Amino acid sequence: MAVIVRNLILIWMMGASCKLFYGALAPFRYSRPWVERTVTGAFMVAFWVIAVTAIPAYVLQPVRMILLTALVAQIYYRLSPMKNLFFSTLFCGIYWLISMLVVSACYAFPAKVAKGLEWYMEIMIGCVHLCLMLVFYRRYRNRSLGVPGKKWSLLGLFPLCTLVVLVSFGMMSWEDKWGDRGARLAALSGFALIWVGIFYFMERWVETENRLQRLRLSQERTRNQIELYHNIQAAYEQQRRYLHDYKNQLQCIQGMVEQGSREEALTYISRLTGGIQKSGDFVNTNHRVVNVVLNQKYQEALERGIVMTMGINDLSSLAIEEEDLVVLLVNLLDNAIEACEALEDHRVIKVKIMLEEDQLILSVCNPVKEPVRIQGKTIATSKQDVASHGMGLLNVDAVIRRNGGTSAIKCEDGWFSFSAMIPVS
C-alpha cells in the first residue's frame, strides 16, 4: 500500500510540474474550463504509462519521457512541433539533471546511510523538481519568446547535449569507492553550474531576440499609422474642397427644380446631403492633425454603433510632432473601439484632450467586457498573436516618455482608462 501511495504522489508531482512548466511558456489550445482542469491528469496518465512499462535502455529512457510529454503538450497547448520538442527536451533535461545530482549526493554518504536514503530518493527528486518548476512558472509566465522558428533547432542542441552527458553519467557504475562517488558528485555539480550559466546566456539571447522583434513590429506599426494619417489627410483636404464647392451644387439643384425635374433633384439632394454628412467636420480643435484623426475615428465609431463623447479645447498652440500625435491618438482610439465592439450595449468612448497650463491632458476611457490584467504599461492578452499584442500601448508609452510626460493605466468597475500629462511649453 505504501508503494502505491508513494508512486501516486510521484506521478502527481510530475504531472503538476509539467503543467507549471508548459503553463509558463504557452497558452492553452482551447479556452474551455475542462482544459485547465484535466491537463494535470493527462500528464499523470503519461507518467503512469512510463511507470508501468518496462524500463528501456539508458538512451531510450529520456526519449520515452520526451515523446510522451510532447504528445500531451501538443494536445493541450498551442505550440509548434519544433517548440514543443525543444520544451519537452528541456523539461526532461532539467529532471534528469536534478535526478543525477540528488542520487549522487545520496551515494556520496557512507554505504549504510546511502542505503537508508534509497527509499526517499525519488520523493526528494520530485519535490526539488516541483519547487524548481514553480519558480520557473512565476518567472516566465506571460513572457513572449520572440525567437524565429528556424532558430529553435539551434536552441534544441542545448538540452539535447545535456541529456547526452547525463545519460553517460547514468551508465557509469554507482558501486565504486566512496572517493569516486565524491568525485562524481563534484563533476555533476560543476556540470550543473555550467548548465545554469548556459541557460542564463540563452535566456539573455532570447530576450534580445524578443526585444528586436518587438522593435521591428513597433516600427512597422508606426510607419503604417503615419501612412494612414497621410491618406486620411489627403481625403480630408479633398472633402473640404468638395464642401467649398457647394455653390455649384446648389446651382445644379436650382436648375433641376426650374426644369421640373423634381424626382431627380430630390435624389441628387439625398445623395449630396449623405456625402456631406459623412465627410463633415464633427470636431474642430484648431489643430490640423488632431482634427484629421478625431474626425476619422469619430466617423469609424459612429458606423460601428459606438458613441464617442469628447471634451476638447483650443489646441492651436499644441507643439508636439505630428508623428507622435498620430501614434498617441490612433493607438488609444483603435484600442477603445476594439474593446467597445465586443460589447452588446453601453458602447461609449469618453475622450478628453485639453491644453491646460502648458500641459496636454489626454484621457481615453471605455467599458470592457471582462476585467483586464495590467502589466506595467500594457495589458495581458489571451490572443494568439502574443508577440504583436500590446505594441500600441508600448508605442504610446514611448511617445509620452520621449516628450517628458507621464501616464497611468487602470481598470476598475468595468471601465478601462488611460490618462497622460505631457508638457508642451
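Structure's up top.
Residues numbered from 1 in each chain as written. Predicted model: local features only at pLDDT ≥ 70, side-chain atom pairs only at ≥ 80, totals over all residues. Heavy atoms only, no water.

Caption draft 1: Spatial organisation of the pattern of salt bridges. Going through the model one piece at a time under the given rule, you end up with seven salt bridges. Note that Arg6 is salt-bridged to Glu122, the shortest N-O span being 3.2 Å. Taken together, the residues span a long stretch of sequence, with Arg6 in helix 1 (residues 2–25) and Glu122 in helix 5 (residues 111–140) at a distance of 116 residues. What makes Arg6 buried here is its relative accessible area of 14%. On the basis of relative accessibility, which here comes to 40%, the residue Glu122 falls in the partly exposed class. With its nearest N and O atoms 3.0 Å apart, the salt bridge here joins Glu341 to Arg304. One end of the pair, Glu341, is in helix 11 (residues 322–341); the other, Arg304, is in the loop between helix 10 (288–303) and strand 1 (307–312), and 37 residues separate them in sequence. For Arg304, a relative accessible area of 35% puts it in the partly exposed group. Look at the salt bridges and you will find they share partners, linking Lys297, Glu300, Arg304, Asp334 and Glu341 into a network. (Salt bridge = Lys/Arg side-chain N within 4 Å of Asp/Glu carboxyl O. Helix = DSSP H or I, 4+ residues; strand = E, 2+ residues; numbered from the N terminus. Buried < 20%, exposed > 50% of the residue type's maximum accessible area, 1.4 Å probe, protein only.)

Caption draft 2: Broad picture of helix 10. Taking 1.5 Å as the rise per residue, helix 10 with 16 residues should run 22 Å; its terminal C-alpha atoms sit 23 Å apart, in good agreement. Every buried residue belonging to helix 10 is among Val289, Val290, Asn291, Val292, Val293, Leu294, Asn295, Lys297, Gln299, Glu300 and Ala301, and all of these are buried. Count one or two residues on from helix 10 and you reach Gly305, which has phi positive near 75 degrees. (Expected span 1.5 Å × (residues − 1).)

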